[in-house]
Structures are given as C-alpha cells and as structure tokens.
Amino acid sequence: MTMRKIILFCFILIFVFATACWAQTAPALQEKTLAVSGLKDKVTVRRDERGIPYIEAKNEADLYFAQGFVTASDRLWQMDLYRRVARGETAEIFGRTALDEDRRWRKFGFARVAEETVNNTSAENRALLDNYARGVNEYIASLDEKTLPVEFQILKYRPREWTAADSIVIGKIFDDALSNTWRMDLMKASLMDLPTEKRNRIFDPSSSLDVLLIGKDSINSEFRIQNSKLDIAQLGTWNSELETALAKAEEVRKQSLERIGFYAEDLAASNNWVVSGKRTVNGKPLLANDPHLRPTQPPIWYLVNLASPNVKVAGVSTAGIPGVIIGHNENIAWGLTNVGPDVQDLYLETFDASGKYKTPTGWQTPVIRKEEIKVRKNPLSPETETEVLEVTTTRHGIVVLEEAGKRYALKWTAFDPKNNLLYAFSRLATAKNWNDFKGALKTYAGAMQNFVYADVQGNIGWIAAGKVPIRKTGDGSLPYDGAGDDGEWTGFIPFDELPQLYNPPENFIVTANQRTVGKSYKYHDLIARAHTVSRAKRLQDLLGANQKVSVNDMRDFQFDTFSVINSRFAREVVNLKAASEENLKLLAGWDGRMNADSKAALIADSMRTAFRNKIMTANLGAERAKTAFFPYDAGFFDRLIMEKPKEWLPKEFASYADLLKASELEAKETIAKQIGADEAKWTWGGRTKSNFPHPLAVAPLIGGQFVIEALPQNGSGGAGASPNVGASVSMRLIAAPGNWDLTRHGITTGQSGDPKSPHWKDQLENWSSGNTPVFPFSKAAVERAAKETMVLMPK
C-alpha cells in the first residue's frame, strides 16, 4: 500500500469514528405535535439555537395564523402593551402615572383611525390581518391563570382578544416615533425674532459633511417667511409658557415611547447602505441595515422565517404586526432608515366666545369627541375609575396644544385611515425585481423611509418612499393661520418624483438620516426638514476607501465607533491649543473612536456639549436655551467650530480659543458630577451605558427578574454619533443576495419575553461584540439549524 493510500485510509477511519461519536453525543432533535383549532393543514415550526421560529405552511392563511400563534407564545404581553399604548389604555394597568400619556394618545384617536383602515383595506390584506389575529387568539385561549405570561399575573389582568385593528394601531406608534415634527414648527416660529443673518444660518440645512444622493446645492435659497399671513409678532414673540408646554409635551411623548423602545431622538433613526457586486469580494451585492431606537426589553424586533408555496421571506417583524418589515425573500433584500420630512402642519385657530372657530367661509362649530379613560386605582388591584377627556377637532384636525391663549390644530398624514403602512410589506415579501419593489412602495403610506434594495441579479437601488403633502403656500415649517386657506394640502409628491436611484455609477448607496437631496431637487424644502451628518459621512468614507467589500467588512462598518463630529471638534481644540496641556496631549493622540475605555472620547464629547450650551445661552438667553433646539444641530455647530464666526461668539470671550477653554472647565465639572472626581474612572463607558429596561423592572420586590445588567457602551449617538450608536442599535442585518445562507441578522437581547427563557437575553453577547450570527434561509440550512420542531395540526 502506497503512502498516499495509507494516509487516505487513516483519514477515512478518523472521519467514520468522529461521525459515530457525534451521532452518539449530538442531542436528539426535539419534536412535538400540537392540535390547534383554526388551521386548514399541517404547519411545521422549527426553532434554532436562538429560538428563532422558521414557519412552514401549505397555504398563506395557515402561515400567518401560525405567525400570530408563535409570536404570541414569545411576546404576548409586549403585544398587549403596544396596542394599549397606541390606543391610550396604559393607565388601566399602570395607574395615574401613565394618565398623561393616555391623554396624548386619546387625542390622536388612533383606535378609531385603525378601525376605519381595516374597513377600507383590500380583501387580501384583511385576510392576512384576520388570520394573524386568529392565531394570536388561539394562543390566548390556550392559557389559564398559571400559564399566562408573568406580567399579566403581576398586574392581575387577562388580555382581551386580538383584532386586525390592533395590528394596524401598532403601526401608528411608528408614525409617532418617526414623523412627529409639529414641535419643530413652533420652535422655528419662536426663533423668528433673531437677527436675519443668524436666523438664516440656523435654518440653512447644508453642511460640508453632507452626503447628497440626488440634486446639488447650487441654488442658494434664502430663508423667508412664506407659510402664511400670520403676523411676524405672533410668530416671533418668545413665550416662556409656550416653551414650557412644548417641553412638557415632548417629555410625555418621550416617556411613552421609551417604555416600549420606540423613542428615536430627533427622529434620527438608523443606518443602511447597499453595495453593488462590482465593489464586493464575491461579485454579488451586499445590503446592511441597523435601525436606531431606544433600547427596551423585550426588543421591538422579532426574528422570523416564513415559508409557504407563494411566500418565502425572512427578517424581523414587530410583535403584533404580521409579515416581515425588514429582511429579504428569495429574490430581493431591503432595509429602512428614517427620512423625517414634514408630514404634520399646525394651524393657529381663532375661536370666539361661543366656542366657534373662524374659517374662510365663516364661523364653524368644532367637533367635540369624548374619550373615557380607565385609570387603575391601586397597583395591586385591577379596579379602575373613569376619567373623561374632551378632544376638540377643527377642519384641520385635533387641537393638539392650548397654551398662552393660543390653540393649535394638527393635521397629520397618520390621521388618514386610507394610509396603511402594512400592505406594502406583504407585497415586498413576494417582490421579484426592482419594478415589483417600486410597485410595493407605491402603496406605502407610513412614516417616510429610505428603502435600500439589492437583488440576486446584482442590482441595487434606493427610494425615499412615503406620502409627503404639498401645500397651497409654503413648506409647512411654520404654523399657518387656521382662518385662511394658505396651508391647505393640495396633493402629495408624486411617487415617480420621490428621490430614488437605481444602479448608480458609484456602485454603493448610503443613507443614515442625512439630507439626501440637494437644494436643486424640486421638493427639497418638503423633505429636508431634520437630519444628521456624522454617520453618513463616516460610512461614505469607509465604503469609498474599500474597493472590494466583504461580509466581514460590512460587519465592521456597522460596529465602527469613529465620530466625525467629535473628531473634527477635538482637532480644532488641539489646533487652537484651547485646553489644558494634559487634555491637549490626550486629544492629539485620540483616534476619534467612541470606545468604552476611551477618556479622550468623553472629554471631546463633553467639551463639545458645553461649547454648544454656551453659544445657545449667549444667543438665546439662559431660560430660552433650556428648551430650544435647532433642526440641523450637528451640522450647525460643526460649522461654527470650523468657521468661528464672530457674530456667534459669546461677548464674554475674546476668541473661540477662550470659549473652548471655558468649555473644558465646564465639561470637567459636569463629568465629575456624573462619574466622580477620580479621573482614573473618566471613560466614555464609565458615563455612557447600554441599558435594556423592562417596563416592570423598577417595580419593588418583583422587578428584579426583568433586570439586565447595564454594559459600558461602545459608540455614540446624538450629534456626535458614530455608525455604531451603542445601545440604540435595535438590530443588525447584513443580507447577501444569491448567498442567502450567509446573511447575518440579530437583535439586541433575545426572542423571548419570558425572563425564565434561555432566549431572554442569549443574543446580547453577540450584539455587544458586533458578531451578528448567520440567519439560515434555504430549507436545507434551516433543517440543519433546527434544534426543536413543533408540528401544528388542525384540531
């Protein structure tokens, strides 16, 4: 026997022995069968090591029934909480602490809007919603008092049946989180008394860091009052009572959305980008997406794989919403980031002593809607009392704010029951190409999103999809006179005129909540309303410098902690020698990364915040600066530090160097209060933590079971954001069209809402390290990954 044959023979023996050992030690696949009422045929539900369900059905009715059933088995209390938030019913379980939040949601009237949407939806979409609801209800019916999720047991109530309208109303939470801009209109109005030059600079959206996808800034448009015939004194008189009311309204909104993980600071939520195969290692496109929303436990996303003869799709849904919101099918992948256009308008209504309001055709009587809100009397008892809220509605919408003798009505695309965001996602699930993708997005009417696209044929694209109103006069960025018709909506931006790209010459597309359109774009002023600059610029630089991108590169880009804004700020501090010798040395050697163990990151970010606050106070006054904000905050203050205009320098300082030195002292005082005087503990992670709060974690005695220990944070959000924004990264996707089994997809903590489940936080380590796991897609890969199988049989 030759040496080669001997080696081959030994290899075979080793392989056979290893296989035999593995067969003896590998855990047997756990299988069980469950008889379920409401199914037409057998449904197979496989789960992998992360507890992700892979649902295989023989028809779509059973597919979405099973999705409802399975999602409820993991996240039922979260689903119930979501619908309660959107309907304004949380005081019924939390008591008076949640009453202001309920009042806010009841004003919106989303419960009624959702019911009308269901009645107006297509038969196909209605069937999907109803089948999902039937699955949820079948699971609810299977529970007794001992098997209810622990939150129901603690709060002593049982969930009512799920309805199609419940899924629709949860979609309204996304609208509130991602398209709420009316406060900006009043803030802008309050700044109208500033000198013209300063006002123009504040409201100029352009920045040297812009990553524009279409159009140019060759058109130098001056800021001008064009919205209405409101008197300049009405617009420009700052009123402390009004500002306080605005701050309170935003705080109530923040509390409500933070509790469920939907709060997006300044509407800045998410990164996505897509790379053509011409710039990838394997010659096929890659797509990445990581939405940024305030963390909570359980997370807002729920991983799922859905398969039937006509549907094969995988990605994330939200508990209570059927289908897949972000992910891929067999042919295309898609990801979302927020655009943030103005889809809300305010109208200063004129009321007379009798309660009527003025219109162009005379005085009209407003509609008064009464909302009965149940309020729990005692946390330990489900007994409630009822409070009545009266909601006034004019021809423009609800009166959203009454303060300082003024009443403002709100018009919002989310109030239109014809605007359904869910139908588009069911069509994306079966889209085969770019035309199908566009066809699906023509039906999308939720908060405007940057949809990026990649397909197995090698094509990439982007569409900023959503309904953006066109006004008779102006752009809606200031309140209108409700008595006139200047602010009436005359239509919406036509779909074919929405910003979009298909196979651009750069061979990659980046969106990260930046201003994607230049001033030459026809509808620039309607879309470029609120945006950031730092993350998009960094991602553009990373992709531009890498001619052959791999899946691992995409992973590294998602986890990148370099802050363009803070790095530029630190460089200017060093150039001006505007800090202590110790901090100058520290900042000069800093790599710009917002890593948890970095002291320089903490110093730079804290100095920049102090720099901003001092300029705001000097130019607006101390009281006004507490609540004021600018729509292009990051770019504006970056421009100030780079250009150093004299008119913005506080009078007490002779130079920007002096201002920065004072900012350093204030920063050190702030850090000492936050962390302590021991500078050895002064690190970015020492101050900035990743927390994953559960709504009941703060409850005495019983809250401990829901607590997840905080982690030092890598990355930063806000004005000085890095691509990795830390705790607010709600999930990470890297899709590989044509190599779907290489796709990576992960959420923050885990699939399960049960703190006793092994899948309560089993994904946290991968999330914190940026090592997003593979999410198998082909049937063979799914079967290999399966750790347990449940067969649902018709009862």
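Before reading on, note that the structure itself is shown above.
Scope of this entry: the structure provided in the associated data block. (Residues numbered from 1 in each chain as written. Predicted model: local features only at pLDDT ≥ 70, side-chain atom pairs only at ≥ 80, totals over all residues. Heavy atoms only, no water.)

Okay, the overall build of the chain next. When helices and strands are counted, the chain shows 26 helices and 28 strands. Radius of gyration (C-alpha) of the chain: 27 Å, near the 28 Å computed for a compact globule of 795 residues. Its C-alpha atoms put the chain at 95 × 65 × 55 Å along the principal axes. Counting every position in the chain, which comprises 795 residues, the buried fraction comes to 61%. (Helix = DSSP H or I, 4+ residues; strand = E, 2+ residues; numbered from the N terminus. Rg over C-alpha atoms; globule rule 2.2 N^0.38 Å. Buried < 20%, exposed > 50% of the residue type's maximum accessible area, 1.4 Å probe, protein only.)

Our next topic: the environment of Val36. Tracing the backbone shows Val36 in strand 1 (residues 30-36). Note: C-alpha distance between Val36 and Asp144 (108 residues apart in sequence) is 16 Å. Setting aside anything within four residues of it in sequence, one finds Val36 in contact with Phe65, Phe69, Glu138, Leu792, Met793, Pro794 and Lys795. (Contact = heavy atoms within 4.5 Å.)

A separate point is helix 14 (residues 434-441). Those residues of helix 14 not exposed but buried are Trp434, Phe437, Gly439, Ala440 and Leu441. Taken together, the buried residues of helix 14 touch strand 9 (332-338), helix 13 (422-428), strand 17 (449-455), strand 18 (460-465) and strand 22 (500-502). Backbone nitrogen of Asn435 and a side-chain oxygen of the N-cap are separated by 3.2 Å at the start of helix 14; the cap is Asn433. (Polar contact = N/O pair within 3.5 Å; in protein donor to acceptor, adjacent residues only side chain to side chain.)

In an α-helix, one turn spans 3.6 residues; hence positions three or four apart end up facing the same way. Taken together, the buried positions of helix 16 (residues 534-544) are occupied by Ser534, Arg535, Ala536, Arg538, Leu539, Leu542 and Leu543. Looking at the packing, one finds that the buried side of helix 16 touches strand 4 (271-275), strand 23 (508-511), helix 17 (551-558) and helix 18 (564-575).

This part takes up the sheet that holds strand 22. With mixed pairing, 11 strands are arranged side by side in an open sheet as 1-28-2-3-6-7-8-9-17-18-22. Edge positions in the open sheet fall to strand 1 and strand 22, since each of these has one partner strand only. Strand-to-strand twist across the sheet, computed as the mean angle between neighbouring axes with direction ignored, equals 20 degrees. Most of the contacts of helix 2 (residues 60-87) go to strand 6 (residues 301-307), to which it runs at about 170 degrees, and overall it touches strand 1, strand 2 (43-47), strand 3 (53-57), strand 6, strand 7 (312-318) and strand 28 (788-794). Strands in contact with helix 14 are strand 9, strand 17, strand 18 and strand 22; relative to strand 18, the strand with the most contacts, it is inclined by about 10 degrees. (Pairing = 2+ DSSP bridges. Axes fitted to C-alpha atoms, helices over the stretch in contact; angles between N-to-C directions.)

With that settled, consider the packing of aromatic side chains. Enumeration according to the criterion identifies 34 aromatic pairs in this entry. Seen from their ring centres, Phe174 and Phe262 are 4.8 Å apart, and the 80 degrees between their planes marks the pair as edge-to-face. Linking Phe174 in helix 8 (residues 164-178) with Phe262 in the loop between helix 12 (240-260) and strand 4, this pair joins segments that are 88 residues apart in sequence. Residue class for Phe262 comes out buried when judged on its relative accessible area of 0%. Relative to Tyr480, the ring of Tyr347 has its centre 5.7 Å away and its plane inclined at 25 degrees; by these criteria the two rings are stacked. With a gap of 133 residues between them, Tyr347 in strand 10 (residues 344-349) and Tyr480 in strand 20 (residues 480-481) connect regions that are remote in the sequence. Pair check on accessibility: Tyr347 and Tyr480 agree, each one buried. (Phe/Tyr/Trp six-rings, centres within 6.5 Å; stacked < 30°, edge-to-face > 60°.)

Evaluation of the coordinates by the stated rule reveals 56 salt bridges. The salt bridge partner of Arg103 is Asp100, with a shortest N-O separation of 2.8 Å. Taken together, the positions of Arg103 and Asp100, both in helix 4 (residues 99-108) and three residues apart, correspond to about one turn of that helix. A salt bridge links Asp633 to Arg612, with the shortest nitrogen-to-oxygen separation between them at 2.8 Å. One end of the pair, Asp633, is in helix 22 (residues 633-643); the other, Arg612, is in helix 20 (residues 599-620), and 21 residues separate them in sequence. Both residues of the pair, Asp633 and Arg612, count as buried. (Salt bridge = Lys/Arg side-chain N within 4 Å of Asp/Glu carboxyl O.)

Sheet architecture is open: five strands sit in the order 23-4-5-26-27, paired in antiparallel fashion. Single-partner strands in this sheet number two, and they are strand 23 and strand 27 (744-747). Within the sheet, the average angular offset between the axes of one strand and its neighbour, ignoring direction, is 5 degrees. As paired elements, strand 4 and strand 23 share four bridges and run antiparallel to each other. Residue pairing for strand 23: Trp273 is matched across the bridge by Val510. Each of strand 4 and strand 23 touches helix 16; the most contacted strand, strand 23, lies at about 160 degrees to it. Sheet contacts for helix 17: strand 4, strand 5 (286-290), strand 26 (731-735) and strand 27; angle to strand 5, the most-contacted strand, approximately 20 degrees.

What follows concerns the pairing of strand 3. The buried fraction of strand 3 is high, at four of five residues. In the sheet, strand 2 pairs with strand 3 via five bridges, with the strands oriented antiparallel. Looking at strand 3, one finds that Arg47 is bridged to Pro53. A loop of five residues connects strand 2 with strand 3, the two strands running antiparallel in sequence, and Gly51 in this loop sits at a positive phi of about 80 degrees. Relative to strand 6, strand 3 runs parallel, the two being bridged by three bridges. The residue bridging Ile55 from the neighbouring strand is Leu306, located in strand 6.

At a minimum axis distance of 9 Å, the contact between helix 19 (residues 581-588) and helix 20 shows a crossing angle of 110 degrees. By the angle between their directions, the pair helix 19 and helix 20 is classed as roughly perpendicular. Between helix 19 and helix 20, the residues in contact are Glu582, Asn583, Leu586 and Leu587 and Lys599, Ala600, Ile603 and Ala604, respectively. A breakdown of the residues in the contact of helix 19 with helix 20 according to their chemical character gives five nonpolar, one polar and two charged. (Parallel < 35°, antiparallel > 145°, perpendicular 65-115°, else oblique. Nonpolar A, V, L, I, M, F, W, Y, C, P; charged D, E, K, R; others polar.)

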